[in-house]
Number of protein chains: 4
Amino acid sequence: MSEQRRGAVRSEASRVAILNATAALFAEKGYEHLSIEAIAAEAGVGKQTIYRWWPTKSALVAECMIEGFLMPGGAIPLNSGDIRSDLEAWVVAVFRFTEDPDNDVLIRSLVAAASDNGDIGRRLHDRLGASSELTERLAAAVRAGEVRPDLPIADVGEVLVGAVVLRILTREPTDEKLPTRLVDIVLGGPRPVA
Amino acid sequence: MSEQRRGAVRSEASRVAILNATAALFAEKGYEHLSIEAIAAEAGVGKQTIYRWWPTKSALVAECMIEGFLMPGGAIPLNSGDIRSDLEAWVVAVFRFTEDPDNDVLIRSLVAAASDNGDIGRRLHDRLGASSELTERLAAAVRAGEVRPDLPIADVGEVLVGAVVLRILTREPTDEKLPTRLVDIVLGGPRPVA
Amino acid sequence: MSEQRRGAVRSEASRVAILNATAALFAEKGYEHLSIEAIAAEAGVGKQTIYRWWPTKSALVAECMIEGFLMPGGAIPLNSGDIRSDLEAWVVAVFRFTEDPDNDVLIRSLVAAASDNGDIGRRLHDRLGASSELTERLAAAVRAGEVRPDLPIADVGEVLVGAVVLRILTREPTDEKLPTRLVDIVLGGPRPVA
Amino acid sequence: MSEQRRGAVRSEASRVAILNATAALFAEKGYEHLSIEAIAAEAGVGKQTIYRWWPTKSALVAECMIEGFLMPGGAIPLNSGDIRSDLEAWVVAVFRFTEDPDNDVLIRSLVAAASDNGDIGRRLHDRLGASSELTERLAAAVRAGEVRPDLPIADVGEVLVGAVVLRILTREPTDEKLPTRLVDIVLGGPRPVA
DNA sequence: GTGTAATCGAGACGGTACGTCTAGTCTTCGT
DNA sequence: ACGAAGACTAGACGTACCGTCTCGATTACAC
């Protein structure tokens, strides 16, 4: 009944070698100077093995992200009970990550890759932090009455990640008060002094 | 005494022809498939004339932006006296521009180009609207007492543009309430009903 | 155990197309204005396919000669029993060939190419006639007692071909008695009148 | 009344600098890799100054030869009273010159240049020795009854030089008996033993 | 076992574009 | 007017990769 498969099966070893090689070369050379030939050579694999399973360079990079070969887990906001300091800590962590020179080429290349491939954009978005954990933390703040109840929490994460991405694109250096100011903006004013 | 200049002077005609050709091909093919050879051919110019004056493809694109060959003037917020509707109108205008399929490749390519070249990032940022006009409008709102006096107005534009850029990268479709929600976020809550 | 051969095998069709194109363009443009790009285009072949198999332009031309794409078979001396008239006829034939305007660029270009590549020099030498056939004819003359028995027959052909090549280089026009005089020189004096 | 000449006159310093630069680069790089740009740079001269006075690269090289910038004076045959040893000595001298590795590129490049420019061919021919001095020496031998009176002496020099040029083109190594054999050929047999 | 089919590493193929070099012309300024 | 400096259009150089294809070896199911 069912479609029968004959012949050799896909080599997992090759698949992983390719993803590893892609990640290594991506971080080293950036998206624009990443070449399929170099990946194949680095992975010890024929070019056709890559073309057989991935339609484009961007799909390959996307799978690297999905499988976690490219970026560490996103920043996860803590819940200390104080939404302001938690958000600030999270923003600081994200900026710290993006400003590390080791991650510089990586992040910028991801932005370039994202402009080719929506999946990469979504993954980048998630990994920078605007994932369920952040939404969760904001929802908790709503429940605790820390923030106004009609705050569009889903959008807040995006706004913050967007600010980060824009800083990457403009190379504007961040000053140390910036996280506080961003949190002020999205939470509607500075922490009450009282 | 003074530095001597001899030999023929730079040809303005060639310079403009190159920028025009770059802009035309950029909009048509996108950043990644933009080739120096095609630009030279389109401009009726030797390749060396390009390499003589611009070190990289991204520098050439950056000059295109600076000289206004690539994008129309940024969105300029009106001052109707109502900061909320003015900001919303501006956000809507920006989204409308980026969502026009004619501008789609252009914008995404600009993001890719910006990842190579900070100048392009800055220009993109300005042209999308986070320029002095927006800051001006927000300052006016502060003076008029429309918004809380300690709003970090310089950051507000960035936050909004960042949200737009992120939408571009994730291909998340925008719903029609989004402008309102974004304005709510940055102005600290919805318009009072009273 | 044995050396493994993997990957696709060299395309004979491409090889022949390249040699044909080289021969055609060489005869048309001459060695100095022969370009690899034009050969590749004419042969319908990627440039890399040429660079993969031939290190230099002159090696390519040399293979053309070796495979007989460039010049017709050398002049072959007859054996009428009279060594003088046979040699004269052969010299006349060689001069006639070199003086034909159709062959002019070809020959001069071959001389230029030979200055880059000894193989071409040797082939040119052979094709102009100083090959085994000429040596054979002279050996027969020695055996028949037509010429002095200690004549260094191997050198005679070279001397004659050398005279031809020099005429080519100096563009000195040949007078019709020249073949006779050359044969006189190498055979040690004019034909006895008796 | 008379034609007036106005403006600066041709700079002899530039002319000589250009010829010197040409000779130096010719000997260093060979004819094929000799570029007008490099000559201009080496001579400290604008390209136009070269193009103004010489139509082609080969004309420039030809003038270098004519002015003696490229090759030393030709070999001059002595008159010891013995035509055989004088000719042999001359052939040996010519071969020695051409076989010196320092002259190797030079000579081969001259052959290449000659294929472009008849003047260079003629000069090469003369400088290698087939000039009036050689003809003179042979005429003296005729007068002295050393050689047969009807020897076409003008052609003998060409034949010898031709043999040398052919050796250059085929890279055939010369054996030490070759000069003797060549003289045997042109003088009609070996030296009588008696 | 013996086919049949799919995968693999390797690498040649027709191409496009790279960034560099040189040709030969033209323009500007200094002498 | 001539010469240096050097920008200009044009186009070949040799290299790097593209995505496709062909090769021989290997693997695994179907018969």
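Residues numbered from 1 in each chain as written. Chains lettered and ligands numbered in written order. Predicted model: local features only at pLDDT ≥ 70, side-chain atom pairs only at ≥ 80, totals over all residues. Heavy atoms only, no water.

Within an unreviewed UniProt entry, the label attached to chain A reads TetR family transcriptional regulator, and the organism entered is Amnibacterium flavum.

Notes on the nonpolar core
The biggest cluster of nonpolar side chains holds 125 residues, and the ones touching the most others in it are A:I50, A:L70, A:L110, B:I50, B:V61, B:L70 and B:L110. Other than its neighbours up to four places away in sequence, B:I50 contacts B:I18, B:I36, B:I39, B:A40, B:V45 and B:L60. Among the nonpolar cores identified, the runner-up in size contains 121 residues, and D:A21, D:V45, D:V61 and D:A163 belong to it. (Core = buried A, V, L, I, M, F, W, Y, C linked by side-chain atoms within 4.5 Å. Buried < 20%, exposed > 50% of the residue type's maximum accessible area, 1.4 Å probe, protein only. Contact = heavy atoms within 4.5 Å.)

Brief notes about the pattern of salt bridges
All names here are of chain A. Tallying each qualifying case throughout the model produces 52 salt bridges over all chains. Notably, a salt bridge pairs R181 with D175, separated by 2.9 Å at the nearest N-O pair. The exposure class assigned to R181 is partly exposed, which follows from its relative accessible area of 22%. You can call D175 partly exposed: its relative accessible area is 34%. Three or more residues joined by partner-sharing salt bridges are found here, namely E12, R15, E63 and E67. (Salt bridge = Lys/Arg side-chain N within 4 Å of Asp/Glu carboxyl O.)

Things to note about the relation of the copies chain D and chain C
In screw terms, the move from chain D to chain C is a rotation of 179° and a rise of 0.1 Å along the axis, fitting with an RMSD of 0.2 Å. Given the turn and translation reported, the copies of this chain are related as if by a two-fold rotation axis. With an isologous cut-off of 70% or more, the 100% of interface residues of chain D that recur at the interface of chain C puts this contact in the isologous class. (Least-squares fit on C-alpha atoms with pLDDT ≥ 70 in both.)

A short note on the interface of chain B and chain A
In this assembly, 39 residues from chain B lie in contact with 39 residues from chain A. In total, chain B and chain A occlude about 3,300 Å² of area from one another, counting both sides; carbon and sulfur atoms represent 61% of this. The tally of links from chain B across to chain A stands at 14 residue pairs in polar contact (both at pLDDT 80 or more). Of all the secondary-structure elements, those providing two or more residues to the side of chain B that touches chain A are α6 (101-116), α7 (118-128), α9 (153-170) and α10 (178-187) of chain B. Residues belonging to the side of chain B that touches chain A are distributed by class as follows: 17 nonpolar, nine polar and 13 charged. (Buried area = accessible area lost by both parts, 1.4 Å probe. Polar contact = N/O pair within 3.5 Å; in protein donor to acceptor, adjacent residues only side chain to side chain. Helix = DSSP H or I, 4+ residues; strand = E, 2+ residues; numbered from the N terminus. Nonpolar A, V, L, I, M, F, W, Y, C, P; charged D, E, K, R; others polar.)

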